[in-house]
Amino acid sequence: MKASTVPPTPPSVAARIAGLPDLSIEEMRALWRELFGSDNPTPNRQFMERRIAYKLQEIEFRKVDPNLLERNKRRIKSLMETGKARKLDRDIRLMPGTVLTREYQGVEHRATVAQDGQYEFEGRRYPSLSMIAREITGTRWSGPLFFGVKAPAKAKNPKKQGGRR
């Protein structure tokens, strides 16, 4: 299998997160103010470390998909205008580096989300999860459903599920 082309977490972010336990409480508070623009709401160090680690990653990975904010603004505007939420299927955006795992017929299969939104599977690139699911099963599948990214649709008429009566 060829090496993944998905870039790892940038070393600067990983190093900053790994170094959080070594900071003094005063340094933690200063970093909190720098990142959040306010004093921390609690003296609980573990809480502060977790929130700071999350914020550092959020700042770094926000750079990956600059259109995310614009898509969310459009969805919010549509919701405000119509009062109805659109289906999110087309807006599912997995973070690059996410590894999707599925066991099928006793074999574990892994697909990795690439930086450009495509997927890597067994050393090849695919534009959709459905193509990978078809490669694995030999039949047409919804890739997001196959890999568990999307929940199965609920039956519209539960009386029809049991067949004839």
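Model, not experiment: these values are computed from the prediction.

A.B. asks: It is not clear to me how the sheet that holds strand S4 (residues 124-126) should be interpreted in this structure. Could you clarify?
C.D. replies: In any sheet, the strands associate via hydrogen bonds between backbone groups, in a parallel or an antiparallel arrangement. Spatially, four strands are ordered S1-S2-S3-S4 in an open sheet, and the strand pairing comes out antiparallel. The two strands at the open ends of the sheet, each matched to only one other strand, are strand S1 (99-104) and S4. The average undirected angle you get between the axes of adjacent strands in this sheet is 30°. On the sheet, helix H5 (residues 129-137) packs against S1, strand S2 (107-113), strand S3 (119-121) and S4 and is oriented at approximately 15° with respect to S3.

A.B. asks: I keep staring at the pairing of S2 and nothing clicks. Help me out?
C.D. replies: Here is the key point about a regular strand: its side chains alternate between the two faces of the sheet. With six bridges joining them, S1 and S2 adopt antiparallel strand pairing. By the bridge assignment for S2, Thr 101 is matched with Arg 110. Counting the residues in the hairpin turn of S1 and S2 gives two residues, including Gln 105, whose phi is positive at 50°. Relative to S3, S2 runs antiparallel, the two sharing two bridges. Its bridge partner lying in S3, Thr 112 is registered against Glu 120. Counting the residues between successive antiparallel strands, the hairpin from S2 to S3 contains five residues, one of them, Gly 117, with a positive phi of roughly 90°.

A.B. asks: Could you clarify how one ought to interpret the pattern of salt bridges in this entry?
C.D. replies: Here the structure, examined in full by the defined rule, presents seven salt bridges. Between Arg 33 and Asp 39 there is a salt bridge whose closest N-O contact spans 3.6 Å.

A.B. asks: Sorry if this is basic, but what is going on with unusual backbone geometry here?
C.D. replies: Comment: phi is negative for the bulk of residues other than glycine, and the bulk of peptide bonds are trans. The backbone phi angle of Gln 105 is positive, close to 50°, even though this residue is not glycine. With respect to the helices and strands, Gln 105 occurs in the loop between S1 and S2. If you check the backbone angles, Glu 122 has positive phi at about 50° while not being a glycine. Structurally, Glu 122 can be placed in the loop between S3 and S4. Judged by its relative accessible area of 46%, Glu 122 is partly exposed.

Rules and cut-offs
Residues numbered from 1 in each chain as written. Predicted model: local features only at pLDDT ≥ 70, side-chain atom pairs only at ≥ 80, totals over all residues. Heavy atoms only, no water. Pairing = 2+ DSSP bridges. Helix = DSSP H or I, 4+ residues; strand = E, 2+ residues; numbered from the N terminus. Axes fitted to C-alpha atoms, helices over the stretch in contact; angles between N-to-C directions. Contact = heavy atoms within 4.5 Å. Salt bridge = Lys/Arg side-chain N within 4 Å of Asp/Glu carboxyl O. Buried < 20%, exposed > 50% of the residue type's maximum accessible area, 1.4 Å probe, protein only.

All quantities given are derived from atomic positions and should not be read as evidence of function.
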